[in-house]
Amino acid sequence: VINTIAKLAKTCTLRLTVSKLYFILSDKVANGGVSMWCELCQGNFFDEFQMEGAAAEHNEIYLELVPENLSRALKTAQSAKAVKIKLMNKHCPCLRVAVELPSLSSSSRIVTHDIPVGVIPRRLWNDFREPSVPDFDVSIYLPVLKTMKSVVERMKNLSNSIVIEANLNGEMNLKIETDLVSVTTHFKDLGNPPWASEDGCPSSAPDRDLESMAEARIDIRKLQQLLAGQQVNPTKALCNIVSKRIVHFILLHEDVSLQYFIPALA
């Protein structure tokens, strides 16, 4: 998960609550930035988890960190017997990752990494709420991400932007158009998620013609970044399109949900 996030964001916010961890990137979509919301249940990752937030009624901690640093520290943990992550104040706030490595002797070897973090004050917490999803025009399951990645990588050499269009009939096209060339890749029979109203999710327009396409033109590098960084191997991957406004990707795995928002280009 951290490796994926390190590919998507140079810095991000780590929000810790009693039951969940969140990795958040909230570049203002209005300024053309992408947003990310990644949610992990701590019970799936830690045998022991203790935290004390800013106050009893606001039992949360918000930290700013460079995910690449955490990714590097955890690389040493792949053959570890145990890993402990602790928030400390050592000259400055830092996350200490203590990795206990197997040893031939009876004494264990412990490697520690101190990763500097910034503590985000309470008054700024509201800037890091879950992004709201506007009512989308079309929601569709994505094709196999490896296939989509190789298509996008080839297209990236020809254009800086890509048009994603889809309909409620399980069809999706990836298109690039330049003065010299126009290329379209068609995907069929992808299926459309049955967004039920009881789960509180926004629904696509119920009276929309099944064949009519919703489309958005986005920065092809941002899409390629998402596909290239994928190490979560989602069990479900889907895409919501708000015509000419935003493309919202949702990647779901048993332990992780990752949302990624790419604003449309004008």
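This is a predicted model, so every value here is computed, not measured.

Criteria and thresholds
Residues numbered from 1 in each chain as written. Predicted model: local features only at pLDDT ≥ 70, side-chain atom pairs only at ≥ 80, totals over all residues. Heavy atoms only, no water. Domains from an automatic or database assignment. Contact = heavy atoms within 4.5 Å. Buried area = accessible area lost by both parts, 1.4 Å probe. Salt bridge = Lys/Arg side-chain N within 4 Å of Asp/Glu carboxyl O. Polar contact = N/O pair within 3.5 Å; in protein donor to acceptor, adjacent residues only side chain to side chain. 1 Å grid on protein atoms, 1.4 Å probe; cavity = no way out; pocket = protein on both sides within 12 Å on 5 of 7 lines; lining within 4 Å. Points joined across faces, edges and corners; volume = space filled by probe spheres on them. Helix = DSSP H or I, 4+ residues; strand = E, 2+ residues; numbered from the N terminus. Nonpolar A, V, L, I, M, F, W, Y, C, P; charged D, E, K, R; others polar. Pairing = 2+ DSSP bridges. Axes fitted to C-alpha atoms, helices over the stretch in contact; angles between N-to-C directions. Buried < 20%, exposed > 50% of the residue type's maximum accessible area, 1.4 Å probe, protein only.

1. Overview of the domain arrangement of the chain
Here is step 1 of the chain: Once the domains are mapped, the chain shows domain 1 (1–127) and domain 2 (138–199 + 209–263).
Here is step 2 of the chain: Using only C-alpha atoms to locate each centre, domain 1 and domain 2 end up separated by 29 Å.
Here is step 3 of the chain: Counting residues at the interface gives 18 residues for domain 1 and 18 residues for domain 2.
Here is step 4 of the chain: Across the interface of domain 1 and domain 2, roughly 1600 Å² is buried in total on both sides, 59% from carbon and sulfur atoms.
Here is step 5 of the chain: In terms of surface lost to domain 2, no three residues of domain 1 exceed Thr4, Leu8 and Val34, which account for 33% of the buried area on that side.
Here is step 6 of the chain: The interface formed by domain 1 and domain 2 holds zero salt bridges in total.
Here is step 7 of the chain: Linking domain 1 with domain 2 are four residue pairs in polar contact (both at pLDDT 80 or more), by the criterion used here.

2. Details of the layout of surface pockets
Here is step 1 of the chain: Taken as a whole, the largest pocket holds about 1400 Å³ of empty space.
Here is step 2 of the chain: Residue lining of the largest pocket: 30 residues in total, with Phe45, Phe46, Val83, Lys84 and Ile85 positioned closest to the centre.
Here is step 3 of the chain: Only helix H1 (2–8), strand E1 (12–16), strand E2 (20–26), helix H2 (67–75) and strand E5 (82–90) provide two or more residues apiece to the lining of the largest pocket.
Here is step 4 of the chain: At six residues, E5 tops the list of elements feeding residues into the lining of the largest pocket.
Here is step 5 of the chain: Tallied by class, residues from the lining of the largest pocket come to 20 nonpolar, four polar and six charged.

3. Overview of the sheet that holds strand E6 (residues 92–101)
Hydrogen bonds between backbone groups are what pair the strands of a sheet, and the pairing can be parallel or antiparallel.
Here is step 1 of the chain: Strand order in this open sheet of three strands is E5-E6-E7, and the pairing throughout is antiparallel. The open sheet is flanked by E5 and strand E7 (109–116), the only strands paired with a single partner. Each strand of the sheet is rotated relative to its neighbour by a mean of 20°, with strand direction disregarded.
Here is step 2 of the chain: In this sheet, E6 lies alongside E5 in antiparallel orientation, the contact comprising nine bridges. In the strand pairing of E6, Val83 is matched with Val99.

4. Let's talk about the pairing of strand E15 (residues 246–252)
Here is step 1 of the chain: For E15, the buried fraction is high: six of the seven residues fall into the buried class.
Here is step 2 of the chain: Taken together, strand E14 (residues 236–242) and the strand that follows it, E15, pair antiparallel across an intervening segment of three residues, in which Lys244 is found at a positive phi of about 60°.
Here is step 3 of the chain: Where E15 meets strand E16 (residues 256–263), seven bridges bridge the pair, whose relative direction is antiparallel. For Leu251, the partnering residue across the bridge sits in E16 and is Leu258.

5. Observations regarding the sheet that holds strand E12 (residues 182–187)
Here is step 1 of the chain: If you walk across this open sheet you meet the four strands as E12-E11-E10-E13, and the pairing is antiparallel. Lying at the two open borders of the sheet, with one neighbouring strand each, are E12 and strand E13 (214–219). With direction set aside, neighbouring strand axes in the sheet form an average angle of 20°.
Here is step 2 of the chain: Strand direction decides the pairing type here: strand E11 (residues 172–177) and E12, joined by six bridges, are antiparallel. Each bridged residue has a counterpart across the sheet, and for Leu174 the counterpart in E12 is Thr185.
Here is step 3 of the chain: Set on the sheet, helix H3 (residues 145–156) makes contact with strand E10 (161–166), E11 and E12; between it and E11 the angle comes to about 10°.
Here is step 4 of the chain: Helix H4 (residues 220–228) rests against E10, E11 and E13 of the sheet, and its axis sits at about 90° to E13.

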